[in-house]
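The lines below spell out each chain.
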Amino acid sequence: AVVLAYAARTVRRNDDWSRRDSFYSAMVRDNPSGAKGHYGLGTVIVHHPATQEKGVWHLKEAHRLQPSHFDSISDLAAFYHQKGDFATAQPLFERALEIKPEHSAALNNLGLNHLALGEWEQAFMTFDKAVEMFPDSAEFYNSMG
């Protein structure tokens, strides 16, 4: 009986593992208070028009459940930036950098977001700070033009 129970569970879990969205959905189903599942599901579905809203909700939920979860807030900021919603992205990039101030991509993204908002001085101050922190990275010099 125990073997049959485990076999049935394995068959059920095979469906969960077949696609990334079903894998993360199962994580959320099994542990709704875990940030990792919400983050994973959010990153998978946020870029599909039919599931964008739900993806944003899952990324926000991951951050709510674990406020120090850098990736959820950084990915949410990048999503809004890519959509052209720079005003919404700005405080999210800033929050991400409060969590991980040494993250080079987040610094670059913040600078690019300042540029998109027409905030030239803040953009160049951000890039200058990034160059000081990462003098060997050409990424910031390229972003500055």
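Refer to the structure presented above.
Draft legend 1. Broad picture of the overall build of the protein chain. Assigned secondary structure in the protein chain consists of nine helices and zero strands. Helices (α) and strands (β) of the protein chain occur, in sequence order from the N terminus, as α-α-α-α-α-α-α-α-α. Taken across its 145 residues, the protein chain has 37% of its residues classed as buried.

Draft legend 2. Quick look at the pattern of salt bridges. Under the criterion given, the structure shown has three salt bridges. In this structure, Arg64 engages Glu61 in a salt bridge whose closest nitrogen and oxygen atoms are separated by 2.7 Å. In this pair, Arg64 and Glu61 both sit in helix α4 (residues 52-65), three residues apart, roughly one turn of the helix. Given a relative accessible area of 11%, Glu61 falls into the buried group.

Conventions used here
- Residues numbered from 1 in each chain as written.
- Predicted model: local features only at pLDDT ≥ 70, side-chain atom pairs only at ≥ 80, totals over all residues.
- Heavy atoms only, no water.
- Helix = DSSP H or I, 4+ residues; strand = E, 2+ residues; numbered from the N terminus.
- Buried < 20%, exposed > 50% of the residue type's maximum accessible area, 1.4 Å probe, protein only.
- Salt bridge = Lys/Arg side-chain N within 4 Å of Asp/Glu carboxyl O.

Bear in mind that shape data such as this cannot, by itself, settle questions of function.
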